[in-house]
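So the chains spell out like this:
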4 protein chains.
Amino acid sequence: MSTPTPRAVPEELREEVDRLRARVCGLHAELPRWNLVAWTSGNVSARVPGADLMVIKPSGVPYGDLSPQDMVVCDLYGQVVEGHRTPSSDTGSHAYVYRARPDIGGVAHTHSPYATAWAARGEAIPCVLTAMADEFGGDIPVGPFALIGGDDIGRGVVAALEGLRSPAVLMRGHGVFTVGAGAEAAVKAAVMCEDVARTVHIARQGGPLERLPQEHIDALHDRYQNAYGQ
Amino acid sequence: MSTPTPRAVPEELREEVDRLRARVCGLHAELPRWNLVAWTSGNVSARVPGADLMVIKPSGVPYGDLSPQDMVVCDLYGQVVEGHRTPSSDTGSHAYVYRARPDIGGVAHTHSPYATAWAARGEAIPCVLTAMADEFGGDIPVGPFALIGGDDIGRGVVAALEGLRSPAVLMRGHGVFTVGAGAEAAVKAAVMCEDVARTVHIARQGGPLERLPQEHIDALHDRYQNAYGQ
Amino acid sequence: MSTPTPRAVPEELREEVDRLRARVCGLHAELPRWNLVAWTSGNVSARVPGADLMVIKPSGVPYGDLSPQDMVVCDLYGQVVEGHRTPSSDTGSHAYVYRARPDIGGVAHTHSPYATAWAARGEAIPCVLTAMADEFGGDIPVGPFALIGGDDIGRGVVAALEGLRSPAVLMRGHGVFTVGAGAEAAVKAAVMCEDVARTVHIARQGGPLERLPQEHIDALHDRYQNAYGQ
Amino acid sequence: MSTPTPRAVPEELREEVDRLRARVCGLHAELPRWNLVAWTSGNVSARVPGADLMVIKPSGVPYGDLSPQDMVVCDLYGQVVEGHRTPSSDTGSHAYVYRARPDIGGVAHTHSPYATAWAARGEAIPCVLTAMADEFGGDIPVGPFALIGGDDIGRGVVAALEGLRSPAVLMRGHGVFTVGAGAEAAVKAAVMCEDVARTVHIARQGGPLERLPQEHIDALHDRYQNAYGQ
């Protein structure tokens, strides 16, 4: 973070920021669509490439009421640079992740019910499905309990993901944070995290499960990350 | 309740009452949207500020058929003051809450499935999630079993919420009542109550849970009530 | 059944039959809306008042493709009287119910998941919720296992409901049949049956439940049947 | 497979292929509608009658973005014959099924949650419901764990379905493959498989279940396959 924090959106990034406002706004519609949120309880952000800036949801605004103009542009310490709304109360946590991990371009946060149930127990989701190997490359880990308001949540997210292939972490007693190269990848990881949290929960109600062998996990993850999609 | 009950909507409140008819009508769409109700089994009301009046759903009318004109204006003893419909059969319970608690401006009632499952057992939902600390400031309490038709349900709701920060109560063998400064806050509490009832139920199926420490609950609740939103 | 079976819709019932075609068709949209059916697996019928006729869904047609013209008019032995479609394969069961119970004007049949789970075990749903007392007036009973094709299912439905206030019966190893004064009441009973089947299932996962006292069940049922609605 | 693989869609099949592009595209909307998929994780294909060709979903494209032009025409070894998109990463498995089973005209693949939960444990779903006898004619079997990329999954699907009436197989640690005379039948089987996987799971949480007697299963399956529908 050696460059000074911008006080306004630089002219040359105007187009990119407006594109990201629309993109981040649109991705919020995926949260209720996939049953990841109740009322206003989840949020998505995107890093502005080439600047120490991020675009994030305003705090406490219902998903159906969001427009691109409501998105808030903040610096990577969570200070508002542009926007007429108060940013998400999770802004500081998103900002910490962007500061610590330059490779990350998108962050999503939800309290999706099955994933949060694992988080409530502080239990990692074991990698027992090929879809988990594909997307997460192993277990979905647990991060520490941390209070909102300072750097503790962001620090916990970064520490828990350190050295793992998983783009998702279950924050103990709280909910899910996911990351990706961009905001869409982070939202996809949030959708897949809830999906496997649910399936593995249901599966285990019926009997014990076996983790996939590590070499299969490695092969599946490698193929999915490199050969899947367009 | 020292002022006499109005026999009609006072002229100076006409605009406010019409605004509340539209608002209360619109909030009923949130009940099926968040899967809180089956058929016609939930209702919302709002106090008319500055008068001993409330606006409430008509009885037994499907959510998709409701228009603002169908809402019923009652006094705080549940007598109809304006409207061509029979009011909700829960009107007396809403009315009691408004009489006893002048700080409450909105009430919602549902049989949402996970919360009602806790109510069927008469078991409070333990505060094991940060989202519960935020919205409820502790456990969601249980109120007594009470029959519809008199003041018993309303009395039970008020007694169970006495001295607590929770805007929700699980009425034993029945369902959920939530309250708020206005009708939207009460509906939000109903949505959040079902959300945490579900997550904590699922979590406990997988193993024992620990209540959050009281000082964390206090800090989270204080922050959410004072710093969240716009 | 002393009157001879009509060979065509009598002229004086044309308007009523057309109204029922539209009504029964429209009620089928409630089945997917309330998550009671998969693909084409549920059906609704209505008796034509004043004639030994019924209006029922055609067999195997997706809900989104149904129009009033697709509904089939049958006599009360399941023979087609009017319509260009094959009637539901459950027509014989609906017909038996209408023959045996002149007070019944509507029948619905689903494999809704939670109610069918109780049916798979052959276990009645105990009346532990006020909403069950309201709508069902007691436990939801279990009927016998019976094969489709003859009168066995219809006979089992009628026998299981004999002397009870419940408009719903869980047919063992099969699914749910509900009845009512009209088709809408039968569909409402199907929605409420799944709702309480789910809530009571979830409740019992967390601990033992107590049936409501009989005098409370009686009082609740009496009030709901006589004072609820418009 | 004695005929040479086509290098392009033959002129005389142009109309049929265009029809199948629209049909297969449209059937993908059923996957999210019935809650069988998360994000882009399920796919459907159809054999082109009269040619060694199939039409399949492109890889990693969201369901809401699919148009008929996005569907990919492949030969029965998974090589692209027509289309501007990369085909589903499951194309090789679909292709193997078409090569080995000339009677099969449609294949669907999902990770639907309840069915995949049974697959995670490698446990067949016992035939305890009439709806299972109707559609599957017995238990829904388990196929072997197999890695994507070669013929192993397709081979496992074909082997597991050998000699059974079930159009669905639970691939261990992975998900569901279903087959049918056409693509719609395969999608219907996927919907019904998830439905019964869920109901039987819920039923067993409440107590032990009994498989239907074989002669009842036989009678139900025979009737449903021959007398149901239009």
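Cut-offs used in this document
- Residues numbered from 1 in each chain as written.
- Chains lettered and ligands numbered in written order.
- Predicted model: local features only at pLDDT ≥ 70, side-chain atom pairs only at ≥ 80, totals over all residues.
- Heavy atoms only, no water.
- Contact = heavy atoms within 4.5 Å.
- Buried area = accessible area lost by both parts, 1.4 Å probe.
- Salt bridge = Lys/Arg side-chain N within 4 Å of Asp/Glu carboxyl O.
- Polar contact = N/O pair within 3.5 Å; in protein donor to acceptor, adjacent residues only side chain to side chain.
- Helix = DSSP H or I, 4+ residues; strand = E, 2+ residues; numbered from the N terminus.
- Nonpolar A, V, L, I, M, F, W, Y, C, P; charged D, E, K, R; others polar.
- Buried < 20%, exposed > 50% of the residue type's maximum accessible area, 1.4 Å probe, protein only.
- Pairing = 2+ DSSP bridges.
- Least-squares fit on C-alpha atoms with pLDDT ≥ 70 in both.
- Phe/Tyr/Trp six-rings, centres within 6.5 Å; stacked < 30°, edge-to-face > 60°.
- Lys NZ or Arg CZ within 6 Å of the ring centre and 35° of its normal.
- Axes fitted to C-alpha atoms, helices over the stretch in contact; angles between N-to-C directions.
- Parallel < 35°, antiparallel > 145°, perpendicular 65-115°, else oblique.
- Left-handed = near helix turned anticlockwise from the far one by under 90°.
- UniProt positions renumbered as here; feature names shortened; annotations may be inferred.
- pLDDT = per-residue confidence, 0-100.

### Thoughts on the interface of chain A and chain D
Okay, so step 1: Between chain A and chain D, the residue contacts involve 28 residues of the former and 29 residues of the latter.
Okay, so step 2: In total, about 2,600 Å² of surface goes out of reach between chain A and chain D, with carbon and sulfur atoms giving 64% of it.
Okay, so step 3: It is A:R223, A:Y228 and A:Q230 that lose the most area in chain A upon contact with chain D, and together they represent 24% of the buried surface on that side.
Okay, so step 4: Viewed at the interface, chain D and chain A are joined by zero salt bridges.
Okay, so step 5: At the junction of chain A with chain D, the criterion picks out eight residue pairs in polar contact (both at pLDDT 80 or more).
Okay, so step 6: With eleven residues, the single largest contributor to the side of chain A that touches chain D is helix α7 (residues 183–205) of chain A.
Okay, so step 7: When its residues are assigned to classes, the side of chain A that touches chain D shows 14 nonpolar, eight polar and six charged.

### Focus on the pairing of strand β5 (residues 106–110) of chain D
Residues and elements named next belong to chain D.
Okay, so step 1: The buried fraction of β5 amounts to five of the five residues, a majority that puts the element mostly inside the structure.
Okay, so step 2: Here four bridges tie strand β1 (residues 43–48) to β5, and the two strands are oriented antiparallel to one another. Bridge pairing in β5 links N43 to H109.
Okay, so step 3: Bridge count between β5 and strand β8 (residues 175–180): five bridges; the pairing is antiparallel.

### Description of the relation of the copies chain A and chain D
Okay, so step 1: When chain A is fitted to chain D, the residual RMSD is 0.0 Å, and the transformation amounts to a turn of 90° plus an axial shift of 0.0 Å. Expressed as a symmetry operation, the mapping of one chain copy onto the other fits a four-fold axis. Taking the C-alpha atom as reference, chain A places A:Q205 closest to the rotation axis, 5.7 Å from it.
Okay, so step 2: Looking at chain A, a mere 4% of its interface residues are interface residues in chain D too, so the copies touch through different faces.

### Examining the interface of chain C and chain B
Okay, so step 1: Counting residues at the interface gives 28 residues for chain C, matched by 29 residues for chain B.
Okay, so step 2: Taken together, the two surfaces of chain C and chain B that pack against each other cover about 2,600 Å², and 64% of this comes from carbon and sulfur.
Okay, so step 3: Across the chain C-chain B interface, the total number found is eight residue pairs in polar contact (both at pLDDT 80 or more).
Okay, so step 4: For the side of chain C that touches chain B, the element with the highest residue contribution is helix α7 (residues 183–205) of chain C, accounting for eleven residues.
Okay, so step 5: Looking at side-chain class alone, the side of chain C that touches chain B contains 14 nonpolar, eight polar and six charged residues.

### Some thoughts on the sheet that holds β5(D)
Residue and element names in this part refer to chain D.
Okay, so step 1: Strand order in the open sheet formed by eight strands is β4-β3-β2-β1-β5-β8-β7-β6, and the pairing between neighbours is mixed. In the strand order of this sheet, the two ends are held by β4 (80–82) and β6 (142–143), each with one partner.
Okay, so step 2: Here four bridges tie β1 to strand β2 (residues 53–56), and the two strands are oriented antiparallel to one another. Pairing of A46 across the sheet is with V55, part of β2.

### Brief notes about the relation of the copies chain C and chain B
Okay, so step 1: For the pair chain C and chain B, the superposition axis carries a translation of 0.0 Å, the fit reaches an RMSD of 0.0 Å, and the rotation angle comes to 90°.
Okay, so step 2: Of the residues that chain C buries at the interface, just 4% are likewise interface residues in chain B, meaning the two copies contact each other through different surfaces.

### Digging into the packing of aromatic side chains
Okay, so step 1: For the structure shown, the criterion picks out eight aromatic pairs over all chains.
Okay, so step 2: Ring centres of A:W39 and B:W34 lie 6.5 Å apart, and the angle between their planes is 40°; this geometry places the pair in the tilted category. One end of the pair, A:W39, is in the loop between α2 (30–33) and β1 (43–48); the other, B:W34, is in the loop between α2 (30–33) and β1 (43–48), on a second chain.
Okay, so step 3: The ring of C:W118 carries the charged tip of C:R121 above its face, separated from the ring centre by 4.9 Å.
Okay, so step 4: The ring centre of D:Y63 lies 5.2 Å from the NZ or CZ of D:K57, which sits over that ring.

### A closer look at the pattern of salt bridges
Okay, so step 1: Within this structure, the stated rule accounts for 64 salt bridges over all chains.
Okay, so step 2: Here A:E82 makes a salt bridge to A:R21, at a shortest N to O gap of 2.9 Å. With A:E82 in strand β4 (residues 80–82) and A:R21 in helix α1 (residues 14–28), this residue pair connects regions lying 61 residues apart in the sequence.
Okay, so step 3: For A:R21, a relative accessible area of 9% gives the class buried.
Okay, so step 4: Here D:D151 ties to D:R99 by a salt bridge, and the two come within 3.3 Å at their closest N and O atoms. Of the two residues, D:D151 sits in the loop between β6 and α6 (152–161) while D:R99 sits in helix α3 (residues 91–100), which places them 52 residues apart along the sequence.
Okay, so step 5: It is possible to trace a salt-bridge network through shared partners that takes in A:R14, A:D18, A:R21 and A:E82.

### Comments concerning the packing of helix α4 (residues 113–121) of chain B against helix α7 (residues 183–205) of chain B
Any two packed helices are characterised by how steeply their axes cross, that is the angle between the axes, and by the distance between the axes.
Residues and elements named next belong to chain B.
Okay, so step 1: Two numbers describe how α4 lies on α7: the axes approach to 7 Å, and their chain directions differ by 70°. Accordingly, the angle class assigned to the pair α4 and α7 is roughly perpendicular. Where α4 crosses over α7, the two elements pack in a sense that is left-handed. Mapping the contact onto sequence places P113, Y114, A115, W118 and R121 in α4 and C193, E194, A197, R198, V200, H201 and R204 in α7.
Okay, so step 2: Residue composition of the contact of α4 with α7, grouped by class: seven nonpolar, one polar and four charged.

### Considering the pairing of β1(A)
Okay, so step 1: For β1(A), the tally of buried residues reaches six of six residues, placing the bulk of the element in the interior.
Okay, so step 2: In this antiparallel pair of consecutive strands, β1(A) and strand β2 (residues 53–56) of chain A, the connection spans four residues, and A:G50 shows a positive phi of 85°.

### A short note on unusual backbone geometry
All names here are of chain B.
Okay, so step 1: In this structure, N35 is a non-glycine residue whose phi angle is positive, near 60°.
Okay, so step 2: Positionally, N35 belongs in the loop between α2 and β1.
Okay, so step 3: Judged by relative accessible area, which is 49%, N35 ranks as partly exposed.

### Topic: the environment of C:D75
Residues and elements named next belong to chain C.
Okay, so step 1: Positionally, D75 belongs in strand β3 (residues 72–75).
Okay, so step 2: Separated by 30 residues in sequence, D75 and S45 have C-alpha atoms that sit 12 Å apart.
Okay, so step 3: Polar side-chain contacts of D75 include one of 3.0 Å to the backbone nitrogen of G78.

### Examining the UniProt feature "domain: Class II aldolase/adducin N-terminal" (unreviewed entry) in chain A
Okay, so step 1: UniProt feature "domain: Class II aldolase/adducin N-terminal" (unreviewed entry): in the numbering of this structure it lies at residues 22–201 of chain A.
Okay, so step 2: Here residues 22–201 of chain A runs as 37% helix and 19% strand, with 35 Å between its end C-alpha atoms.

### Thoughts on the environment of A:M71
All names here are of chain A.
Okay, so step 1: You can see M71 is positioned in the loop between β2 and β3 (72–75).
Okay, so step 2: Separated by 53 residues in the primary sequence, M71 and D18 place their C-alpha atoms 9.7 Å from one another.
Okay, so step 3: In contact with M71, not counting residues within four places along its chain, are R21, V24, C25, H28, V55, I56, K57, P58, L66, E82 and G83.

### With respect to the sheet that holds strand β6 (residues 142–143) of chain B
All names here are of chain B.
Okay, so step 1: Pairing is mixed across the open sheet formed by eight strands, whose spatial order is β4-β3-β2-β1-β5-β8-β7-β6. Each edge of the open sheet carries a strand with a single partner, namely β4 (80–82) and β6.
Okay, so step 2: The sheet contacts of helix α1 (residues 14–28) involve β1, β2 (53–56), β3 (72–75) and β4, and relative to β1 the element is tilted by about 160°.

### Observations regarding the confidence of the model for chain A
Okay, so step 1: In the predicted model, chain A carries a mean pLDDT of 96, and 97% of its residues have values of at least 70.
Okay, so step 2: Of the two predicted TM-score estimates for the complex, the pTM is 0.96 and the ipTM is 0.96.

### A closer look at the side chain of A:H28
All names here are of chain A.
Okay, so step 1: Tracing the chain through its elements places H28 in helix α1.
Okay, so step 2: On the accessibility criterion, H28 (0% relative accessible area) is buried.
Okay, so step 3: Those residues in contact with H28 that sit more than four places away from it in its chain are G42, N43, V44, K57, Y63, L66 and M71.

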